[in-house]
Amino acid sequence: MSNYSFDEVASTGSGIRFFQLYIFRDRNLVTQLVRRAERAGFKAVVLTVDRPFIGRREADIKNGFRLPPNMTLKIFEGLDFGEQTKAGSSVSQARRHFDESLNWKDVKWLQTITSLPILLKGILTAEDARIAVQAGVAGIIVSNHGARQLDYVPASIMVLEEIVQAVEGRIPVFVDGGIRRGTDIYKALALGACAVFIGRAVVFSLAAEGENGVKKVLKMLRDELQLTMALCGSPSLKHITRRHIFTHSDRTTFPSNL
């Protein structure tokens, strides 16, 4: 996966765009990518922090997919990246060039090379959320990378509330992963998310019908959310509250005979 994917850019239409960034060992390359994002009008940098190592993705290993050897990665055109612009399997590219030593110092370094807001994607614990606040990031995206990095990792929605509580309103918290229906959006908002990110539904609709497909999916989700709000007695987003949902942690106080 590149630092931002073409499906993400195409699907946004004229909307606000963020630049999804991975840290490479070559910091000069990272700087070039950030500068390109700034010139292109991106409004924020989203640093993915849960992928310094690639999980064991057995489907990728089984499929053995490789791009043609004469194809280059578009995102690296015009950048000083040498032979690393040559295409290969996504796994081998990542393993060769991602910086496996990624840590909080890299967040501080990134803040020195850009004035764009920096959000961290891949936070799953309250402890890391508090450190992120202390590091001065502009926001957090709760995400488990589509559950493709580590088996048995908790679903994003399961840890959302503890992260919201940990940041205490100091920065916005978003959630990514598992959003398939309007009811999923409602639950995420009730647990304190400021907004949700849509992944597979957007990619699949983009592949099927391009930008128009994405618009259809977003309309479906909007319609489902509005219907859910109406049936739950929430006339506006501000009326979606924690009391509208029931979670596993509530079982200790819920009547046992129901």
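Procedures and definitions
Residues numbered from 1 in each chain as written. Predicted model: local features only at pLDDT ≥ 70, side-chain atom pairs only at ≥ 80, totals over all residues. Heavy atoms only, no water. UniProt positions renumbered as here; feature names shortened; annotations may be inferred. Buried < 20%, exposed > 50% of the residue type's maximum accessible area, 1.4 Å probe, protein only. Helix = DSSP H or I, 4+ residues; strand = E, 2+ residues; numbered from the N terminus. Pairing = 2+ DSSP bridges. Right-handed = clockwise from strand over helix to strand, strands pointing away. Contact = heavy atoms within 4.5 Å. Axes fitted to C-alpha atoms, helices over the stretch in contact; angles between N-to-C directions.

The protein has the name (S)-2-hydroxy-acid oxidase in an unreviewed UniProt entry, where Stylosanthes scabra is given as its organism. Under Catalytic activity (unreviewed entry), UniProt gives the following word-for-word description of the protein: "glycolate + O2 = glyoxylate + H2O2". UniProt's Pathway (unreviewed entry) comment on the protein is quoted here verbatim: "Photosynthesis; photorespiration; glycine from 2-phosphoglycolate: step 2/3."

Brief notes about the pairing of strand 3 (residues 118-123)
Burial analysis of strand 3 places six of its six residues in the buried class, which makes it a mostly covered element. Sheet topology note: the strand 2 (residues 44-48)/strand 3 ladder contains four bridges and is parallel. When the bridges of strand 3 are listed, Leu47 appears paired with Leu120. Handedness of the crossover joining strand 3 and strand 4 (residues 139-142) through helix 6 (residues 126-134): right-handed.

Comments concerning the side chain of His145
Topologically, His145 is positioned in the loop between strand 4 and helix 7 (156-167). You can call His145 buried: its relative accessible area is 4%. Other than its neighbours up to four places away in sequence, His145 contacts Tyr22, Thr48, Asp50, Arg51, Arg57 and Lys121.

Observations concerning the sheet that holds strand 2
Strands sit in the order 1-2-3-4-5-6 across an open sheet of six strands; the sheet is parallel. Only two strands of the sheet have a single partner each, and these edge strands are strand 1 (18-21) and strand 6 (195-197). Neighbour-to-neighbour, the strand axes of this sheet turn through a mean angle of 25°, independent of strand direction. Where strand 5 (residues 173-176) and strand 6 come together, three bridges link them in parallel fashion. Bridging from a neighbouring strand, Phe174 pairs with Ala195 of strand 6. The sheet strands contacting helix 7 are strand 3, strand 4 and strand 5, and the helix crosses strand 5 at an angle near 170°.

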